[in-house]
Amino acid sequence: MSFLINLAWSALGLAIMFAVLSLVVLSLVWLERKALGRLQLRFGPTRTGKFGLLQPVADAVKLILKEDIVPNDSEKAIFWVAPVIVVVSAFVIWVTIPGGENVVIKHLPLGLFYIVAFAVVGILGLVLAGWGSANKYGIMGGLRSAAQLISYEIPVVLVAAAVAILAQSLDLREIVAAQSSYPYMVVLPLGLVIFFIAGLAEVGRTPFDIYHAESEVVGGPFVEYSGAHWSVFFLAEYINTFAIAALTALLFLGGWGGPGLPDVVWFLFKTYAVILVVFWVRGTFPRLRIDQLMAFAWKVMVPLSFYTVIIAAVYRFYALPWWTLTILSLVGLGVAGWIIYRRMSAPARRVADIQRRLAARRETIASSSST
Amino acid sequence: MQLALFVIVTILTLGGALGVVATRNVVHAALFLLLSLLGAAGVYLLLFAEFLALVQVLIYGGAVIIVVLFAVMLTRSSEYPRITDNRQWPLALITAAALSVILGAAFWLAPDLATEPQAPAFTGLAASLFTKWALPFEIASLVLLVALIGAIIIARVQSSTTADNSPVEPEG
């Protein structure tokens, strides 16, 4: 009997989670269109309701009413199962992401690790979507998503491990409680930067949307999907974006901790602040090239995340004062920034060098001809 | 309740494993392997080894299967002859039998399996892994390193032979 009651409570919790996440996705669609519009000096949606607030509803209705085409040559079973894997792994991690001290469906002592583990399974859905569509762009996109997402998973996992070392726990509640005196962004700014960038790459937001880039692989794994099937991928992408923003808030910005207001309000405020930065990045940066993306992952992000884990462990082991970690973290960030700046400005420096040599040669010719 | 879950998980694991060897399509085989590995994670979960179950999902369910699919998609299966028989099958049979004997013996000799949650499982695991079992742990990572270097060597040799397009003399 108690088992049945437990089951009923779980079902109710999942239903509430589904409803809340659907509302969140609607709000994100509206916010993204408005924020991008403002960034590009236009208004965004204005016709549907006050401030275009009903635009996401109109979008959803349009998507569901569209014809759902299944290609003849596709492997039907894989074609059907791929969106399910993607969306289930997107929803499943929300079971243990807390929105407040007690606002969580199931409190898990290994919560952070659980989230990381099931986030990886979602990648599989993208690879299978590419394969099952029997489309060359789909397969290229699937390969790209496998390469990109596995590469960027490593920094995410390592930085999460560094935070777990600092908090001495994988329990999200304890991680937030450990940040009651100062949020971890103060001691680990390097970790925040790595986690945010790698998180963007994980969910395929715009500077890193290589695997479904329209101009390169015409939609990648999603190329043959339409109507309701495509909207499932769309839903998963927004839920994952929200999850990365929520995790950034929980791991680095002190979670629901804050003066005055209720904890859920603080959590939502911090999460939406991170989301706005995500949209800002999308509106600002052009897409990377695939080789640049992979080189950035393996030459910059992975070494830096190893450095983060090591400094967190050293800080913890020798019980150093907290500002040493801040300094070590900023040194790592500075060195990485300097190396990237040198690489970025290398062509300009080479041009300047050649011009200097040409000028010197011209001068010697001029002086030799005058004598 | 426990038994019912165990039966489901066992069917998942063994059925997936059977599917891996029965199917002709490599991608389907990889998917069946995923089913089997997730079933194994379910077995760990039923033994209250939550951490091990999550490791299973992360490494095998996620990373390994994705890398397998990646490799399968990069190769053109039509270029290779379809092999249905292999002269090494007695060797495989011996290996499988030896493995099952060792695992069975380990199962019989092992102390009783956990039937209730063990609270400090995670920290206890870390402590024993990095102090008592530190050497086997390091050897396991050495094996992975050897595999990695071996893969690089094989890849390099192949790329140098395909790079020069000189015709190969047929033997005999």
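Worth saying up front: this structure is predicted, and the values here are computed from it rather than measured.

Novice: Help me understand the overall build of chain A in this model?
Specialist: Secondary structure summary: chain A contains 14 helices and zero strands in total. Taken from the N to the C terminus, the helices and strands of chain A come in the order α-α-α-α-α-α-α-α-α-α-α-α-α-α. If one aligns the C-alpha atoms of chain A with their principal axes, the spans along those axes are about 105 × 60 × 45 Å. Relative to its full complement of 371 residues, chain A shows a buried share of 48%.

Novice: I keep staring at the packing of aromatic side chains and nothing clicks. Help me out?
Specialist: Geometrically, a pair of aromatic rings is defined through the distance of the ring centres and the angle of the planes. All chains considered together, the criterion is met by 17 aromatic pairs over all chains. Between Tyr-114 of chain A and Phe-118 of chain A, the aromatic rings sit 5.0 Å apart at their centres with planes inclined by 50 degrees, giving tilted as the arrangement. With Tyr-114 of chain A and Phe-118 of chain A both in helix H4 (residues 111-132) and four residues apart, the pair spans about one turn of that helix. Judged by its relative accessible area of 13%, Tyr-114 of chain A falls in the buried class. Look at Phe-107 of chain B and Trp-108 of chain B: their rings are 6.3 Å apart centre to centre, the planes differ by 70 degrees, and that puts the pair in the edge-to-face class. Of the two residues, Phe-107 of chain B and Trp-108 of chain B, neither departs from the other in class, the shared state being exposed. Within the aromatic cluster, the residues linked to one another by ring pairs are Phe-79, Phe-222, Tyr-225 and Phe-233 of chain A. The residue whose ring lies beneath Lys-50 of chain A is Phe-51 of chain A, and the NZ or CZ to ring-centre distance is 5.4 Å. One cation-aromatic arrangement involves Arg-205 of chain A over Tyr-238 of chain A; the distance from NZ or CZ to the ring centre is 5.6 Å.

Novice: Got a minute to help me understand unusual backbone geometry in this structure?
Specialist: Glycine aside, negative phi is the norm for most residues, and most peptide bonds take the trans geometry. All names here are of chain A. Not every positive phi belongs to a glycine, and Leu-41 is a case in point at roughly 55 degrees. Following the sequence through the fold, Leu-41 ends up in the loop between helix H1 (2-39) and helix H2 (55-65). Positive phi values are uncommon outside glycine, yet Phe-51 reaches one of about 55 degrees. Assignment of secondary structure puts Phe-51 in the loop between H1 and H2. Judged by its relative accessible area of 54%, Phe-51 falls in the exposed class.

Novice: What is the right way to read the pattern of salt bridges from this model?
Specialist: Note on pairing: side chains with opposite charge can pair once their charged atoms come close. Residue and element names in this part refer to chain A. Under the defined criterion, the tally for this structure stands at 10 salt bridges over all chains. In this structure, Arg-205 engages Glu-32 in a salt bridge whose closest nitrogen and oxygen atoms are separated by 2.4 Å. Taken as a pair, Arg-205 in the loop between helix H8 (189-203) and helix H9 (214-217) and Glu-32 in helix H1 lie far apart in primary sequence, 173 residues in all. Each member of the pair, Arg-205 as well as Glu-32, carries the same accessibility label: buried. Among the ionic pairs, Arg-33 bridges to Asp-59, the shortest N-O distance being 2.8 Å. Note that Arg-33 is positioned in helix H1 and Asp-59 in helix H2, a separation of 26 residues in sequence.

Novice: What should I look at first to understand the interface of chain B and chain A in this one?
Specialist: A common way to express how large an interface is: the accessible area buried when the components associate. The interface is formed by 22 residues belonging to chain B together with 22 residues belonging to chain A. For the pair chain B and chain A, the summed buried surface comes to about 2,100 Å²; carbon and sulfur atoms form 92% of the total. Taken together, the connections running from chain B to chain A amount to zero salt bridges. Our count for the contact surface shared by chain B and chain A stands at one residue pair in polar contact (both at pLDDT 80 or more). Top element by residues in the side of chain B that touches chain A is helix H3 (residues 50-74) of chain B. It accounts for 15 residues.

Novice: Would you take a moment to explain the confidence of the model for chain B for this structure?
Specialist: Note: predicted coordinates in regions of low pLDDT should not be interpreted at a detailed level. All names here are of chain B. Summarising the model, chain B shows a mean pLDDT of 80, and 80% of its residues fall at 70 or more. No element of chain B has a lower mean pLDDT than helix H5 (residues 121-132), at 79, and none a higher one than helix H4 (residues 89-109), at 90. Below a pLDDT of 50 lies the segment residues 163-169, which in the model reaches zero contacts outside its immediate sequence neighbourhood of four places, other chains included.

Novice: Teacher, can you tell me more about the side chain of His-212 of chain A here?
Specialist: Residues and elements named next belong to chain A. Residue position: His-212 is located in the loop between H8 and H9. Given the relative accessible area of 10%, His-212 is considered buried. The residues contacting His-212, other than those within four sequence positions of it, are Gly-204, Val-217, Gly-219, Gly-220, Pro-221, Phe-222 and Glu-237.

Novice: What am I meant to see in the environment of Glu-224 of chain A here?
Specialist: Residue and element names in this part refer to chain A. As for its position among the elements, Glu-224 is in the loop between H9 and helix H10 (227-252). What Glu-224 contacts, discounting residues up to four positions off in sequence, is Ile-69, Pro-71, Phe-79, Ser-133 and Asn-135. Reaching out from Glu-224, the side chain makes a polar contact with the side chain of Asn-135 at a distance of 2.8 Å.

Novice: What am I meant to see in H2 of chain A here?
Specialist: Count 3.6 residues to each turn of an α-helix, and residues three or four apart come out pointing the same way. All names here are of chain A. All of the buried residues in H2 are Gln-55, Pro-56, Asp-59 and Leu-63. Taken end-on, H2 shows its buried residues confined to a sector of 95 degrees, consistent with a single buried face. Counted as exposed and oriented over 90 degrees from the buried face of H2: Ile-64 and Leu-65. Residues of H2 that are buried make contact with H1 and H10.

Conventions adopted
- Residues numbered from 1 in each chain as written.
- Chains lettered and ligands numbered in written order.
- Predicted model: local features only at pLDDT ≥ 70, side-chain atom pairs only at ≥ 80, totals over all residues.
- Heavy atoms only, no water.
- Helix = DSSP H or I, 4+ residues; strand = E, 2+ residues; numbered from the N terminus.
- Buried < 20%, exposed > 50% of the residue type's maximum accessible area, 1.4 Å probe, protein only.
- Phe/Tyr/Trp six-rings, centres within 6.5 Å; stacked < 30°, edge-to-face > 60°.
- Lys NZ or Arg CZ within 6 Å of the ring centre and 35° of its normal.
- Salt bridge = Lys/Arg side-chain N within 4 Å of Asp/Glu carboxyl O.
- Contact = heavy atoms within 4.5 Å.
- Buried area = accessible area lost by both parts, 1.4 Å probe.
- Polar contact = N/O pair within 3.5 Å; in protein donor to acceptor, adjacent residues only side chain to side chain.
- pLDDT = per-residue confidence, 0-100.
- Arc of directions from axis to C-beta.

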